[in-house]
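Residue-level structure breakdown
Here is how the chains run, residue by residue.
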Amino acid sequence: MEPVHFQKLYDDFRLGRIDRRTFLKASGLGLAAAVIAACTPGSSAKPTEAAGGGEPTAADWSPPSGVDLGKTLYITTWPNYHNPRTIEIFTELTGVAVELNPLGSNEEMLAKLLIGGTGWDVLVPTNYTFETYGSKGLLEPLNMSMLPHLDTSRYDQKLLANAEYPAGSKTLFGFNKDWGTTGFTYNKKHVTKPMATWKDFFDLAQTDYSGKVVIHDYQLTSIGNALVYHGYSFNSVDEAELAKAEELLLAVKPHLFAITSDYQPPMRAEDAWVAMTWTNDGAQLHADIPDIEYVIGSDGGEIWSDFYAVVAGTAHREAAYAFLDFMAVPKVQAFDATFHKAPLVDSAGIALQSEEVRSNKITYPDASSLTKLEFGTAELLTNQARADLWARFKSA
Amino acid sequence: MVRSGARRWRSRIATALLLLPAATWYALLLLVPLVILVVFSFGGRAPEGGYLPDFTFANYLELPTRATAFVNALWMALGGTVLCLLVGFPLAYYLATRAGSQRTLLLVLVVVPFWTSFLIRTYAWLTILGNNGIPSLLEDLGFGHIVLLNTPFAVLLGIVYNYLPLMVFPLYVSLERLDKRLLEASKDLGAGRWATFRQVTLPLSSAGVLSGVILVFIPIMGEYIIPALLGGGKVFFIGNALVDLFLQSRNWPFGSAAAIVLILVILTAVTIYLRVGSRGSGSREVSLL
Amino acid sequence: MPSPPDSTSRDVSADVELIDVTKRFGSVTAVDHVALQIERGSFYSLLGPSGCGKTTTLRMIAGFEQPTSGEILIAGVPVAGVPPYRRNVNTVFQHYALFPHMDVARNVGYGLRQVGVTRDEEQRRVGEALDLVRLSGYDRRRTWELSGGQQQRVALARALVNRPTVLLLDEPLGALDLKLRKEMQLELKGLQQELGITFVYVTHDQDEALTMSDVIVVMRDGRVQQQGSPEALYERPVNRFVAGFIGQSNTIAGRLSGLDLDGGMASVETPTGLVLNGRITDHGARPSIGDEAIVAIRPERLEIAPGTPSPTAGWTSVAGRIHQETYLGDQTEYRLATDLGQLVARRAHHGHAETTTVRSGESISVRWPDDANLVLVA
């Protein structure tokens, strides 16, 4: 294969345009591809047909007339989070080529925004970032006149309010893409002990499932869930409570299979049996490998929501708003969710999802299971004690 | 006199102009960042992360908390370098002396992996070393359940795999340049294979060994992708600590201090090695480095 | 060391013996059924143009190559499969092959260190060897600081210090200028006589071989053409190649018209009808009347005189003209156009007062005695 061709494939893969398996097959990465094909159940990248959904067309949305949208749009987001076909349709309808740039964490996103000169246009930040981004002027308040398809009245107001800055001001810096929880997945084939809480998770990680457990490479969730283990708040920044969490994490560390936010591959390959997991990944894994179950810790944990937002000073404002407006169309949201499998916020979008999706208990869990969950606070993103704790833990 | 003086000036100006791009390049991309790093390392962390002007030694005083990461990187760099040398020397020797008409083909094969992205090559190992790769093969062969991925072994393997060509090429060049008649002379004078290797081949290829070792050792010290991918975040190098400090916890001053110490550690290691290397071998080429 | 069963029957005065040795590299035969007996204490030269197999022969004796077939004996013992470092034979290489990372003394002591002599002994013998090649006081010099002649001497000392049974020299003077080469030739010969070691010397330079050798082996295309003393080779070359390679010859082609095999004499008739009588150089040859043959005459045997030839019994005379005259210092060379084609004559100058009696373009007669006619039948 030509190196150039390979590089193109690799870029497609890295940017989330094609999935891992397609990439390995197409690139002919011999042994890797063979092993994957032979041993790994299919990745969830194939969108399942959605009733009342189907692919959006020009009838569902068309770009604003008489506006020059430009040629390109840079979207900074998370891995496995957009249906490649949704992006293609947007490009077909507008002529705007989209570059997806998946990052590892909100902290990385903030770090790069602080450095500046990113050239990014659209972000997919999480609820707890708006206070920092708003105060630093890193995002621009949404210009509602440029978002004719966005109807926030259909949104869960509690979830939507996260994007207000200052809080309670009704000035929105974003609207919800989807929401979810931070729980864990386990593979029933290997995990026989009951696992329902973060206490189970961290205890069994040190005993029965030593060497088979993955936690996020993310201070916010890993420290938060270690705090929940001790019965503290997910959001605690109390010195003594953090010390207890650090103690637990250090005790668990030698028993971990990995500290990584890219936990789908080891779960699929059964290198790992248990992994700290976000809803969308849990739903994707379960859809492909029914033995993998997703659990929301009954002792607590995180509930979150991701947003579409426009970067302050974007060079492609027209295209950025066109993209946001496109993603505000319920049919587009429903179609996109067939890929990422996270729950939607827009009630019209949910209404267009198939009965199968709406009754999926991973995507839409019972309200009772969410009662103990907490939204991450803005403080978590910038708290130095937590950042230092995490850096210490990793280099220990 | 006047004319030759003018000509000398013109030639000096021409030299300066030709060196200007390189000098600008180094100033902008090496010196300026280095100065910034030094300044930052005495500063403080801004509330949301980043840099806050200050003058404190706190960052340096906190460095012992990263000792493990330094020690990990140092041991892995030493181990990786020695392994690369042990694997690379026979290969380079074979290529330089025995390969014959296959030589070009074999040299190309050594480089072929470099045509693909470093990340991809390392990613491929993730699958090979994972549960369904070599471990399942070993299990089928009756070796029991062996975990390879996310161990120091996997990281070392990734290091040797990725850095081997950087070791092989300088070795190849020095061995290829080695006058084969000297080996015959040695044998003629009663030295067997090993004695000839020890007394002639090795000292005369020491320049290649030296550049290979330096080419491999320095980047391994700063490595972070291989430990991140094949070490699962558990085999932690100082390079990973730096990535975390700059991109996750956004503690730029502490990161700067760690980076400065890393640079000093590498400089020290290289200086010691060059001293020892140039003393050990009487070869002329060493002084050229 | 085990002796071969038939070693007693061999001539043990031969230091090196090659028995029907052939060496092939792929489809190329470099050495073709060569048999040699190299006498102990002799200066033995392998002479021939490049590609004749002389260096390959030397390398087989040294142990760098193994014969494809045949057998090599050193001091009466077969050495098949014995690596170079276990043969009591040392080589002086064409480009010296001195170790650049060692000084002169360490180069010379290299072989001694391999057999583990004491440091004192090494120092003493290195000193002696350097004395021998007149390089005392150069111990600590770097080899690349030395002149070509000095490097040559170091290489010699490095080989001799091991007291080898046989010293092999592979065109050792090839890289030196003419004057230095002449000096070194005498020095080498002197050394060989002083030490009494067998030297096997490879060269393509006939002068060098003639100056130094006790025995010269002329090789061509992997085969031995002739071996013998320098005089024998010069006086009785067995074929046209040897005649041309050793010294200069005038050659006249013809057919055998008379034969006296017992007396070793023959008559050769040229196409022009001239009959030349002479000695058949190859005693083993059994030619017949009518066979093609060549008569070789050394240039210094031709006598030139002004005027026309007058036939004399026991002499051959032909008419000719001086085509070109070249002054060579101690002698003058004449190129002559004659009925027999171009001939070369050489006349030595005897004293400063000699006057040249013939000039370019002048008609002359050329003559030579019958005993100057060398009849080559191969």
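Each value, and the rule that gives it
Residues numbered from 1 in each chain as written. Chains lettered and ligands numbered in written order. Predicted model: local features only at pLDDT ≥ 70, side-chain atom pairs only at ≥ 80, totals over all residues. Heavy atoms only, no water. Contact = heavy atoms within 4.5 Å. Buried area = accessible area lost by both parts, 1.4 Å probe. Salt bridge = Lys/Arg side-chain N within 4 Å of Asp/Glu carboxyl O. Polar contact = N/O pair within 3.5 Å; in protein donor to acceptor, adjacent residues only side chain to side chain. Helix = DSSP H or I, 4+ residues; strand = E, 2+ residues; numbered from the N terminus. Buried < 20%, exposed > 50% of the residue type's maximum accessible area, 1.4 Å probe, protein only. Pairing = 2+ DSSP bridges. Axes fitted to C-alpha atoms, helices over the stretch in contact; angles between N-to-C directions. Nonpolar A, V, L, I, M, F, W, Y, C, P; charged D, E, K, R; others polar. Domains from an automatic or database assignment. Right-handed = clockwise from strand over helix to strand, strands pointing away. Phe/Tyr/Trp six-rings, centres within 6.5 Å; stacked < 30°, edge-to-face > 60°. Lys NZ or Arg CZ within 6 Å of the ring centre and 35° of its normal.

Attention shifts here to the interface of chain A and chain B. Reports of interface size often rely on the accessible area that becomes lost once the parts have come together. On the chain B side, the residues contacting the 44 residues of chain A number 37 residues. Contact between chain A and chain B buries roughly 3,500 Å² in total, counting both sides, with carbon and sulfur atoms accounting for 59%. In this structure, the connection of chain A to chain B is made through two salt bridges. Residues D244 of chain B and K394 of chain A are paired through a salt bridge, measuring 2.8 Å at the closest nitrogen-oxygen approach. Applying the counting rule to chain A against chain B returns 15 residue pairs in polar contact (both at pLDDT 80 or more). Put simply, the parts of the chain that give the side of chain A that touches chain B at least two residues each are α1 (3-14), α2 (20-27), α3 (30-39), α5 (106-115), β6 (256-259), α17 (378-382) and α18 (384-395) of chain A.

All right, on to the pattern of salt bridges then. Residue and element names in this part refer to chain C. Counted according to the given criterion, the structure contains 43 salt bridges over all chains. The salt bridge partner of R124 is E121, with a shortest N-O separation of 3.7 Å. You can see R124 and its partner E121 sitting in helix α4 (residues 119-132), three residues apart, about one turn around the helix. For E121, a relative accessible area of 26% translates into the label partly exposed. Two residues, E187 and R153, come together in a salt bridge whose shortest N-O distance is 3.0 Å.

Let us now look at the sheet that holds strand β18 (residues 341-348) of chain C. Residues and elements named next belong to chain C. With antiparallel pairing, five strands are arranged side by side in an open sheet as β15-β19-β16-β17-β18. Lying at the two open borders of the sheet, with one neighbouring strand each, are β15 (303-306) and β18. Direction aside, the axes of adjacent strands within the sheet are offset by 45 degrees on average. Of the strand pairs in this sheet, strand β17 (residues 331-338) and β18 are connected by eight bridges, and their pairing is antiparallel. Looking across to β18, one finds that E333 is bridged to R346.

Another point: the interface of chain C and chain B. Taken residue by residue, the interface counts 24 residues in chain C and 20 residues in chain B. For the pair chain C and chain B, the summed buried surface comes to about 1,900 Å²; carbon and sulfur atoms form 61% of the total. The largest contributions to the chain C side of the interface with chain B come from Y85, H101 and Y110 of chain C, which together make up 32% of the buried area. Applying the counting criterion to the chain C and chain B interface returns one salt bridge. Applying the counting criterion to the chain C and chain B interface returns seven residue pairs in polar contact (both at pLDDT 80 or more). Taken together, the residues of the side of chain C that touches chain B break down into 14 nonpolar, seven polar and three charged.

The subject of this paragraph is the domain arrangement of chain A. Residues and elements named next belong to chain A. Taken domain by domain, chain A holds domain 1 (72-179 + 305-365) and domain 2 (181-303 + 369-395). Taking the mean C-alpha position of each, domain 1 and domain 2 sit 25 Å from one another. Contact with domain 1, which involves 23 residues of that partner, is made by 25 residues of domain 2. Here domain 1 and domain 2 share an interface that buries about 2,000 Å² over both sides, 67% of which is from carbon and sulfur atoms. It is E107, Y128 and I362 that lose the most area in domain 1 upon contact with domain 2, and together they represent 35% of the buried surface on that side. Summed over the shared surface of domain 1 and domain 2, the number is four residue pairs in polar contact (both at pLDDT 80 or more). For the side of domain 1 that touches domain 2, the secondary structure elements donating two or more residues are α5, α6 (130-135), α7 (157-160) and α14 (330-340). It is α5 that provides the largest number of residues to the side of domain 1 that touches domain 2, a total of three residues.

What follows deals with the packing of helix α4 (residues 84-94) of chain A against α14 of chain A. Residues and elements named next belong to chain A. Orientation of α4 relative to α14, taken along the N-to-C sense of each, is 145 degrees, at an axis distance of 8 Å. Residues P84, R85, T86 and I89 of α4 pack against V332, F335, D336 and F339 of α14. Across the contact of α4 with α14, the residue classes tally to five nonpolar, one polar and two charged.

Once that is clear, we can look at the pairing of strand β7 (residues 166-170) of chain C. Residue and element names in this part refer to chain C. Of all the five residues making up β7, five are buried; the element is thus mostly covered by neighbouring parts of the structure. The alternating pattern of β7 places V166, L168 and D170 and L167 and L169 on opposite faces, both of which are buried. Two elements, strand β6 (residues 89-92) and β7, share four bridges in a ladder whose sense is parallel. Among the inter-strand pairings, T91 is bridged to a residue of β7, identified as L168. Both β7 and strand β8 (residues 198-203) contribute to a ladder of five bridges, which runs parallel. By the bridge assignment, L167 is partnered in β8 with F199. This β-α-β element, β7 to helix α6 (residues 178-195) to β8, shows right-handed connectivity.

Tallying each qualifying case throughout the model produces 33 aromatic pairs over all chains. Their ring planes at 50 degrees and their centres at 5.8 Å tell us that F175 of chain A and Y308 of chain A sit as a pair that is tilted. Of this pair, F175 of chain A sits in strand β4 (residues 175-187) while Y308 of chain A is found in strand β9 (residues 301-310), placing the two residues 133 residues apart along the sequence. Comparing F175 of chain A with Y308 of chain A shows no difference in burial state: the two are buried. Each residue in the set W61, F90, Y155, F175, Y308, F323 and F326 of chain A is aromatic and connected to the rest through ring pairs, giving one cluster. The ring centre of W9 of chain B lies 5.3 Å from the NZ or CZ of R12 of chain B, which sits over that ring. Positioned above the aromatic ring of Y234 of chain C is the side chain of R298 of chain C, whose terminal nitrogen or guanidinium carbon lies 3.9 Å from the ring centre.

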